[in-house]
Amino acid sequence: MNIKQAYKKSLQKIKKVNNQKEYIKLINRYNLLLIPTLEYMSGKKFEDLLKEGK
């Protein structure tokens, strides 16, 4: 999986969680990006990404 695929997959999974703790549990299971990497790539805070996903 390349970085673009991992980024898209991570954004999709954010839509299914309610907080950072739930997302962290999914990171290893689904091979998702870590929160700091996701924040860096999107230019947004994790909380803002959560709000956009809802």
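Rules of the game
Residues numbered from 1 in each chain as written. Predicted model: local features only at pLDDT ≥ 70, side-chain atom pairs only at ≥ 80, totals over all residues. Heavy atoms only, no water. pLDDT = per-residue confidence, 0-100. Helix = DSSP H or I, 4+ residues; strand = E, 2+ residues; numbered from the N terminus. Phe/Tyr/Trp six-rings, centres within 6.5 Å; stacked < 30°, edge-to-face > 60°. Buried < 20%, exposed > 50% of the residue type's maximum accessible area, 1.4 Å probe, protein only. Lys NZ or Arg CZ within 6 Å of the ring centre and 35° of its normal.

Q: I tried to follow the confidence of the model for the protein chain on my own but got confused; where do I start?
A: Should the pLDDT be low somewhere, the predicted coordinates at that spot are not to be read in detail. With 100% of its residues at a pLDDT of 70 or more, the protein chain shows a mean pLDDT of 93. Mean pLDDT across the elements of the protein chain bottoms out in helix H4 (residues 46-53) (91) and peaks in helix H3 (residues 35-42) (96).

Q: So what exactly am I meant to see when it comes to the packing of aromatic side chains here?
A: In total, this model carries one aromatic pair according to the counting rule given. Arranged with centres 5.2 Å apart and planes meeting at 55°, the rings of Tyr 23 and Phe 46 form a pair that is tilted. Taken together, the residues Tyr 23 in helix H2 (residues 20-30) and Phe 46 in helix H4 connect sequence positions 23 residues apart. An identical accessibility class is assigned to Tyr 23 and Phe 46; each is buried. One Lys or Arg, Lys 13, reaches over the ring of Tyr 30 and ends 3.8 Å from the middle of that ring.

Q: Whenever I open this one, unusual backbone geometry confuses me. Can you help?
A: Comment: phi is negative for the bulk of residues other than glycine, and the bulk of peptide bonds are trans. Even without being glycine, Asn 31 reaches a positive phi, approximately 55°. Structurally, Asn 31 is set in the loop between H2 and H3. Classification of Asn 31 as partly exposed rests on a relative accessible area of 49%.

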